[in-house]
Each structure stands twice: as C-alpha cells, then as structure tokens.
Amino acid sequence: YGDASQKIDYVFKVVLIGDSAVGKSQILSRFARNEFSLDSKATIGVEFQTRTLVIQHKSVKAQIWDTAGQERYRAVTSAYYRGAVGAMLVYDITKRPTFDHIPRWLEELRAHADKNIVIILIGNKTDLGDHRAVPTEDAKDFAQKEGLFFLETSALEATNVEEAFLTVLTEIFNIVN
Ligand code: GDP
Ligand code: MG
C-alpha cells in the first residue's frame, strides 16, 4: 500500500457511480485502506482516496472518486467526471432496481465523460447470495452488449475488489502505453 517517497509515473482518475447504498464507498474503502464498515457514515464528505500500485514496473497512483451521497439527488456534476479515465458502475446483486438503473448511469457517464473512458460493471454484495435478485448472466449479457468489463464483488469479504480495480487500471495503462 503506497510508499509516499516513490516516484509516480501515472495518475489515473477513476469515478465510482451507481445508486445509493450499493456499496461504492465500501468498495473504495476496501481498495484504498483494506477496511470495511457496516456503518458507512464515516466516509461521507470524502472526495477521493488514492492508492499507488505497480503495473508493469511503473508506479500508478489511482485516484478514486466517490460520489459522497450526491447520487441521491441526481446531482453528480460534470466536474466529477472531468478528467476521469476509468469508471466503476456499481449495482447491488440483491436489489433489482439498482441494476435496472444501470443504463441510466451509463447514459449519464457517456454524456459527461471522455468517450474513451474504461468502464467496469460491478455487481456488489455477493456475500448475500441467498438474497440474489440479479442473475449473473443478465449482467454479463448487458456488459457484453455495451462493451463493459464485468465482475461481481463483495466489499465485505474482499472478493474481487482488487481484481476489479486492477482490470480497469491495467486496461487504462495499456491504452496510454
Ligand atoms: P454507497 O451509498 O453506494 O456508497 O454504499 P455504502 O458503501 O455506503 O454501503 C451501503 C451499505 O451496504 C452499508 O451498510 C455497507 O456496510 C453495506 N455494504 C457495502 N458493501 C457490502 C458488501 O459487499 N456486502 C454486504 N453484505 N454489505 C455491504
Ligand atoms: Mg457512499
């Protein structure tokens, strides 16, 4: 987890979007600090968190932006998307409406972000599989149709969170190199 003294070769801005309570802040917290909380209030107000990692011998600082509650008011502004080279589009596998809203978020993203932005669709909370409301295949088909990467994660169990970020960051890295 990041060494402040190291030289940074790249800074990649990645934005988290999706309905409220799908787990965006906890996915970020898991990735940036390897922490998880069942009470997310602590993260409200934080604009972004960073973590520096090494990809193909280069140090990459991932600057991950969190909506910090703005999603409730449909008030994610264009400033939020400005300069973003990656996006994580998150829904909750136990809440069908959060998946049904994904096309809206994608539209929003495509309206405001760079057209070459790398996007991953994330179905979070796989630890609650007994309450699954979105079949994996539905999301996989949607992602394929829209040209998105796709993974299911659990911020709680730390399943696939690292993989999700690495997928986006490595793809961005490959585009700029
Ligand atoms: P946000 O509004 O999208 O930022 O969602 P939060 O990160 O604040 O999470 C909303 C709620 O879901 C909180 O109570 C979290 O603890 C919980 N949560 C987040 N990720 C997971 C997960 O992977 N599994 C479970 N069971 N709960 C989660
Ligand atoms: Mg949040």
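To be clear, the structure that these remarks concern was listed above.
Owing to the predicted nature of the structure, the values given are computational and were not obtained by experimental measurement.

## Description of the sheet that holds strand β4 (residues 86–92)
Spatial ordering of the open sheet is given by β2-β3-β1-β4-β5-β6, a layout of 6 strands whose pairing is mixed. Edge strands, defined here as strands with exactly one partner in the open sheet, are β2 (48–55) and β6 (149–153). The mean inter-strand angle of the sheet, taken between neighbouring strand axes irrespective of direction, is 25 degrees. Relative to β6, strand β5 (residues 118–124) runs parallel, the two being bridged by 5 bridges. Looking across to β6, one finds that Asn124 is bridged to Thr153. Strands β1 (10–17), β4 and β5 of the sheet are contacted by helix α4 (residues 102–112), whose axis makes an angle of about 165 degrees with β4.

## Details of unusual backbone geometry
Positive phi values are uncommon outside glycine, yet Gln56 reaches one of about 45 degrees. Take Gln56: it is sitting in the loop between β2 and β3 (58–65). For Asn160, which is not a glycine, the phi torsion comes out positive at approximately 65 degrees. Tracing the backbone through its elements, the reader meets Asn160 in the loop between β6 and α6 (161–176). Of the residues examined, Asn160 has 20 C-beta atoms within 10 Å and is grouped as buried.

## Quick notes on the pairing of β2
Bridge count between β2 and β3: 8 bridges; the pairing is antiparallel. The residue of β3 that forms the bridge with Thr50 is Gln63. Taken together, β2 and the strand that follows it, β3, pair antiparallel across an intervening segment of 2 residues, in which Gln56 is found at a positive phi of about 45 degrees.

## Some thoughts on the environment of Val168
Within the secondary structure layout, Val168 lies in helix α6. Ignoring any residue separated from it by four or fewer positions in sequence, one finds Val168 in contact with Val14, Gly86, Met88, Val118 and Ile120.

## Side note on the nonpolar core
Residues Met88, Leu89 and Ile120 are the most contacted members of the largest nonpolar core, which totals 44 residues. The leading source of residues in this core is α6, at 6 residues. With residues up to four places along the chain from it excluded, the contact list for Leu89 reads Ile17, Gly18, Ile102, Trp105, Leu106, Ile119, Ile120, Leu121 and Ile122.

## Brief notes about α6
The end-to-end C-alpha distance of α6 is 23 Å, a good match for the 22 Å that 16 residues give at a rise of 1.5 Å each. Of the residues making up α6, those classed as buried are Val161, Ala164, Phe165, Val168, Leu169 and Ile172. In an axial view of α6, the angular spread of the buried residues amounts to 115 degrees, which keeps them on one side of the axis. Turned more than 90 degrees away from the buried face of α6 sit Glu163 and Asn174, all of them exposed.

Rules used throughout
Residues numbered from 1 in each chain as written. Chains lettered and ligands numbered in written order. Predicted model: local features only at pLDDT ≥ 70, side-chain atom pairs only at ≥ 80, totals over all residues. Pairing = 2+ DSSP bridges. Helix = DSSP H or I, 4+ residues; strand = E, 2+ residues; numbered from the N terminus. Axes fitted to C-alpha atoms, helices over the stretch in contact; angles between N-to-C directions. Contact = placed C-beta atoms within 7 Å. Buried ≥ 20, exposed ≤ 12 C-beta atoms within 10 Å, placed from the backbone. Core = buried A, V, L, I, M, F, W, Y, C linked by C-beta atoms within 7 Å. Expected span 1.5 Å × (residues − 1). Arc of directions from axis to C-beta.

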